[in-house]
Amino acid sequence: MQRIIAASSLCSKILRKERQRALFSSSSLLFDDTQLQFKQSVRQFAHENIAPHASKIDQSNSFPKEVNLWKLMGDFNLHGITAPEEYGGLGLGYLYHCIAMEEISRASGSVGLSYGAHSNLCINQLVRNGSAAQKEKYLPKLISGEHVGALAMSEPNAGSDVVSMKCKADRVDGGYLLNGNKMWCTNGPSAQTLVVYAKTDVTAGSKGITAFIIEKGMPGYSTAQKLDKLGMRGSDTCELVFENCFVPEENVLGKEGKGVYVLMSGLDLERLVLSAGPIGIMQACLDVVLPYIRERSQFGRPIGEFQLIQGKVADMYTSLQSSRSYVYSVARDCDSGRVDPKDCAGVILSAAERATQVALQAIQCLGGNGYVNEYATGRLLRDAKLYEIGAGTSEIRRMVIGRELFKQHSSNQAALLVNLSASEVEVGRRGTVENKARLDGSYKAKSLSNQTASSWKSTPAKGFHMEWCQSFGNRWFMES
Amino acid sequence: MVAVKRVVDYAVKIRVKPDKSGVETQNVKMSMNPFCEIALEEALKIKESGLAKEVVAVSMGPSNCVDTLRTGLAMGADRAIHVEASRDLVPLTVAKLLKKLVEIENPGLLILGKQAIDDDCNQTGQMIAGLLGWPQGTFASKVVLDKEKQVATVDREVDGGLETLCLDLPAVITTDLRLNQPRYATLPNIMKAKSKPIKKFTLEELNVEIKSDLEVVQVTEPPKRKAGVILSSVDELIDKLKNEAHVI
């Protein structure tokens, strides 16, 4: 029996069937039982509490007024996944954080981005670098969702070249005076607690950067206009203005002049957690497309029976699954203490670019309807695009990875074979590598010196990090 | 004690196996039976109000039942029991196994879902009450416990409306849809569930034989709805009713 389906009823049919179709999304090859339950639980929460608002958030360019999503997510213990239990966190690792990020992003890209900025850029930086007093003061309210967190490093004239930032922090009695601007700060308009990077020594290049904790209401600190963005609408972004803003001594995060370590090491983990964002968006694309190709008929058959559509959907699926595998494998590595900047940049590079392509294909599968804003696909594309830019543009990420590979495979000595498998690491090359277990604290890198090759094994329980010598200096730090 | 069953998720589109021996369960999402969730929620509420010390979740079947038990533990059950059985169990066998477990555990209250959404038998609760000789309040839409008097007042949804029964404890209650809204498993509880104990029993240990008195002959989909036919006159209607449908 042929049915004539009007556009709007097709749309609502899809929304109803969404729950049904989404059921084959979890990959049991990646997760164990507890992680699957965790994922399912966050999925249910996001589906019931965030997804219904997604479209309106995008249209109105703001979070819903009638519910406090921050508080809801805080009540569900989503903010402090990587924070210690004593502050209200769950004390889990990046794998779980990525799982939560994926499911929230699947419900709404904007909420996902804001959530990522709050829970990883702000909260996790405080967890990793904050003093006990700072953690005690700021974490509980951030984790409960009462306060919103943000992080500001980029400036109007310092994006990719973030180390050239001009925001100054002049030493005064009892603290510092901040002067300057910050740009593209996610959650800026609503944040009560912000991590801000400024130069305490403008002549020292990267070594002159210090990280500060700023509170809303500090005299001299204000936020300028909310930015009108292409996508991620509703995830409020704005410019921050500092005019002789006094910041007390105790609000320095980490050590004076050591801000760049806070920044760079944080960036790796930021890229990892944010890379789950495009994964969620790709999943959301499949959630929309798969029911649609069953419902929509042309030439007497559902369009899902045509090979070209099946090809598109297959490409979307394999992009999603392969990106997902990469993201969660790297997350596992980071949880074991092996944080490799190449892989952290690699996951978000590949996931973001694929997400844009998947979203484009999703629009194509929906055809004319894909071009209509009543369907989610347009929003998914606009949201996906951000991930190629924020947390380091694709170009910068490529530079990071390429340069690392070049440096590591040095010329006439034995090639570096760093096989970061779960159980052993073999290093056969010029130099020694220090083996320390460090899951938190600052992450440093030092170059190899002219010493005899040594090979060693490390067990999963011990992490390792390499220290790169100071001589690489500014060139190593010229990235964001 | 709460008995829970692992069934095909309610939102999944069911397909019949090509050999018509049953429903396709491979690679299909499975979860806890919705009525069992309601039963577990009720048990947790009773425990939280201080009227019970412990909630034990029980499930019977192959090893993947443990998934369902973990969900139960994540919702808040204190411990779980898994009865290992490789074949599909009919309600009577389940009831006999439950009887043995009740004799071991001595719960004050046995709560089950009214029926499972895969077989819709609606028998286990009633059978176990019969085997134990316990009072039963089935299709419960409201449960109030009085610990001092050791009674449970149960509102039942029956065809005629609502019936209120007063049961002496220990008793069997089976839950209906409107009893409560099951809670989310919170994230901290999901992590804690990993360390809660699941005790395993085998059929031999419990000394229950699986005797299948019933054999599934065939499982087919209901016939597809045929298109309606628009008739042009009453005569045609009478003709069709008489000669095609044979009802007059």
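Residues numbered from 1 in each chain as written. Chains lettered and ligands numbered in written order. Predicted model: local features only at pLDDT ≥ 70, side-chain atom pairs only at ≥ 80, totals over all residues. Heavy atoms only, no water.

1. Section: the overall build of chain A
- Helix and strand counts for chain A stand at 14 helices and 10 strands.
- Expressed as a percentage of its 480 residues, the buried residues of chain A come to 57%.
- Nonlocal contacts in chain A, meaning residues at least 24 apart in sequence, comprise 73% of its contacts between residues at least 6 apart.
- In the structure as shown, chain A presents an accessible area of about 19,800 Å², 53% of it carried by carbon and sulfur atoms. (Helix = DSSP H or I, 4+ residues; strand = E, 2+ residues; numbered from the N terminus. Buried < 20%, exposed > 50% of the residue type's maximum accessible area, 1.4 Å probe, protein only. Contact = heavy atoms within 4.5 Å. Areas by Shrake-Rupley, 256 points an atom, 1.4 Å probe, with all protein chains shown as cover.)

2. Quick notes on a nonpolar patch on the surface
- On the surface, Val234, Leu237, Ile238, Leu241, Val247 and Ile248 of chain B cluster together into a nonpolar patch covering about 540 Å² of accessible area.
- Mapped onto the fold, valine 234 of chain B is located in helix α7 (residues 234–243). (Patch = residues over 30% accessible without salt bridge, like charges linked within 9 Å, V, L, I, M, F, W, Y side chains within 5 Å. Salt bridge = Lys/Arg side-chain N within 4 Å of Asp/Glu carboxyl O.)

3. Quick look at the nonpolar core
Residue and element names in this part refer to chain A.
- Counting residues in hydrophobic clusters, the biggest one holds 109 residues, and the most contacted among them are Phe38, Ile50, Met73, Leu78 and Ile81.
- When residues in this core are grouped by element, the largest group, 12 residues, is from helix α9 (residues 276–295).
- Leaving out residues up to four positions away in the same chain, isoleucine 81 has contacts with Phe38, Leu90, Gly91, Leu92, Gly93, Tyr96, His97, Ala100 and Tyr115.
- Counting 30 residues, the second largest nonpolar core, distinct from the first, contains Val163, Val195, Tyr261 and Leu267. (Core = buried A, V, L, I, M, F, W, Y, C linked by side-chain atoms within 4.5 Å.)

4. Quick look at the UniProt feature "domain: Acyl-CoA dehydrogenase/oxidase C-terminal" (unreviewed entry) in chain A
- The positions UniProt marks with the feature "domain: Acyl-CoA dehydrogenase/oxidase C-terminal" (unreviewed entry) are residues 257–405 of chain A.
- For the annotated span residues 257–405 of chain A, helix accounts for 76% and strand for 3% of the residues, and the straight-line distance between the end C-alpha atoms is 28 Å. (UniProt positions renumbered as here; feature names shortened; annotations may be inferred.)

5. Looking at the side chain of arginine 70 of chain B
- Looking at where arginine 70 of chain B falls in the secondary structure, it is placed in helix α2 (residues 65–75).
- Despite its burial, arginine 70 of chain B remains without a salt bridge, the nearest opposite charge being carried by aspartate 33 of chain A at 4.3 Å.
- Those residues in contact with arginine 70 of chain B, other than ones at most four positions away along the chain, are Asp33 and Gln37 of chain A together with Ala193, Lys194, Lys196 and Ile198 of chain B. (Lys, Arg positive; Asp, Glu negative; His and termini not counted.)

6. Here's the deal with the UniProt feature "domain: Electron transfer flavoprotein alpha/beta-subunit N-terminal" (unreviewed entry) in chain B
- On the UniProt side, "domain: Electron transfer flavoprotein alpha/beta-subunit N-terminal" (unreviewed entry) is annotated at positions that read residues 20–210 of chain B here.
- Between the end C-alpha atoms of residues 20–210 of chain B there is a gap of 23 Å, over a span that is 32% helix and 30% strand.

7. A few points about the interface of chain A and chain B
- The interface is formed by 21 residues belonging to chain A together with 17 residues belonging to chain B.
- Both faces considered, chain A and chain B share a buried interface measuring about 1,700 Å² in area, 63% of it formed by carbon and sulfur atoms.
- The tally of links from chain A across to chain B stands at zero salt bridges.
- Applying the counting criterion to the chain A and chain B interface returns three residue pairs in polar contact (both at pLDDT 80 or more).
- When residues of the side of chain A that touches chain B are traced back to their parent elements, those giving at least two are α1 (7–21) and α2 (33–49) of chain A. (Buried area = accessible area lost by both parts, 1.4 Å probe. Polar contact = N/O pair within 3.5 Å; in protein donor to acceptor, adjacent residues only side chain to side chain.)

8. Focus: the pairing of strand β8 (residues 151–158) of chain B
Residue and element names in this part refer to chain B.
- Examined bridge by bridge, strand β7 (residues 136–146) and β8 share six bridges and lie antiparallel to one another. From the neighbouring strand, valine 144 faces β8, where its bridge partner is threonine 153.
- The loop that links β7 with its antiparallel partner β8 comprises four residues; one of these, glutamine 150, has a positive phi angle of about 55°.
- As paired elements, β8 and strand β9 (residues 161–168) share eight bridges and run antiparallel to each other. Note on β9: the bridge partner recorded for glutamate 157 is leucine 162.
- The hairpin turn running from β8 into β9, its antiparallel successor, is two residues long. (Pairing = 2+ DSSP bridges.)

9. Re the UniProt feature "domain: Acyl-CoA oxidase/dehydrogenase middle" (unreviewed entry) in chain A
- The UniProt feature table records "domain: Acyl-CoA oxidase/dehydrogenase middle" (unreviewed entry) at residues 150–245 of chain A.
- For residues 150–245 of chain A, helix accounts for 0% and strand for 51%, while the C-alpha atoms at its two ends are 17 Å apart.

10. Re helix α6 (residues 109–129) of chain A
- Over its 21 residues, α6 of chain A extends 28 Å from the first C-alpha to the last, a length consistent with the 30 Å expected when each residue adds 1.5 Å.
- At isoleucine 123 of chain A, α6 of chain A shows its strongest bend, of approximately 30°. (Expected span 1.5 Å × (residues − 1). Bend = angle between axes of the 7 residues up to and from the residue.)

11. With respect to the packing of aromatic side chains
Residue and element names in this part refer to chain A.
- Across all of its chains, the model carries nine aromatic pairs over all chains by this definition.
- Judged by centre distance (4.8 Å) and plane angle (80°), the rings of phenylalanine 31 and tyrosine 328 are edge-to-face. Linking phenylalanine 31 in the loop between α1 and α2 with tyrosine 328 in helix α10 (residues 307–335), this pair joins segments that are 297 residues apart in sequence. Pair check on accessibility: phenylalanine 31 and tyrosine 328 agree, each one buried.
- Look at phenylalanine 38 and tyrosine 96: their rings are 4.8 Å apart centre to centre, the planes differ by 70°, and that puts the pair in the edge-to-face class. (Phe/Tyr/Trp six-rings, centres within 6.5 Å; stacked < 30°, edge-to-face > 60°.)

12. With respect to unusual backbone geometry
- A cis amide bond links leucine 169 of chain B to the next residue, proline 170 of chain B, at an omega of 0°.
- Although it is not a glycine, phenylalanine 299 of chain A sits at a positive phi angle of roughly 55°.
- Summarising the element assignment, phenylalanine 299 of chain A is placed in the loop between β9 (297–298) and β10 (301–302).
- A relative accessible area of 77% means that phenylalanine 299 of chain A is categorised as exposed.
- In the Ramachandran plot, glutamine 150 of chain B falls in the positive-phi region, its phi being about 55° despite a non-glycine side chain.
- For glutamine 150 of chain B, the location among the structural elements is in the loop between β7 and β8.

13. A word on the environment of aspartate 88 of chain B
- Counting through the fold element by element, aspartate 88 of chain B comes out in the loop between β5 (79–84) and α3 (91–105).
- It is 37 Å that separates the C-alpha atoms of aspartate 88 of chain B and lysine 147 of chain B, two residues lying 59 residues apart in sequence.

14. Notes on the pattern of salt bridges
All names here are of chain A.
- Inspection of the entire model under this criterion finds 37 salt bridges over all chains.
- Here glutamate 103 ties to arginine 106 by a salt bridge, and the two come within 3.3 Å at their closest N and O atoms. You can see glutamate 103 and its partner arginine 106 sitting in helix α5 (residues 94–107), three residues apart, about one turn around the helix. Take glutamate 103 and arginine 106: they sit in the same class, and that class is buried.
- Here glutamate 249 ties to arginine 171 by a salt bridge, and the two come within 2.8 Å at their closest N and O atoms. Separated by 78 residues along the polypeptide, glutamate 249 in the loop between β7 (237–248) and β8 (252–253) and arginine 171 in strand β2 (residues 168–172) bring together distant segments of the chain.
- Owing to a relative accessible area of 44%, arginine 171 belongs among the partly exposed residues under this scheme.
- Residues participating in the shared-partner salt-bridge network are Lys39, Glu102, Glu103, Arg106, Asp287 and Arg324.

15. Some points on the packing of α5 of chain A against α9 of chain A
Residue and element names in this part refer to chain A.
- Across the interface, α5 lies against α9 with an axial gap of 7 Å and an inter-helix angle of 40°. Relative to α9, the element α5 lies oblique. Seen along the crossing, α5 lies across α9 with a hand that is right-handed. For the pair formed by α5 and α9, the contact residues are Cys98, Met101, Glu102, Ser105 and Arg106 on the first element and Ala276, Gly277, Ile279, Gly280, Ile281, Gln283, Ala284 and Asp287 on the second.
- Each residue belonging to the contact of α5 with α9 can be placed in one class, and the counts come to six nonpolar, four polar and three charged. (Axes fitted to C-alpha atoms, helices over the stretch in contact; angles between N-to-C directions. Parallel < 35°, antiparallel > 145°, perpendicular 65-115°, else oblique. Left-handed = near helix turned anticlockwise from the far one by under 90°. Nonpolar A, V, L, I, M, F, W, Y, C, P; charged D, E, K, R; others polar.)

16. With respect to the packing of α9 of chain A against α10 of chain A
All names here are of chain A.
- For the pair α9 and α10, interaxial distance at closest approach is 10 Å and the crossing angle is 155°. Relative to α10, the element α9 lies roughly antiparallel. Helix-helix and strand crossings are classified by hand; for α9 and α10 the assignment is left-handed. Contacts between α9 and α10 involve Ile279, Met282, Gln283, Cys285, Leu286, Val289, Leu290 and Ile293 from the first element and Ile309, Val313, Met316, Tyr317, Ser319, Leu320, Ser323, Arg324 and Val327 from the second.

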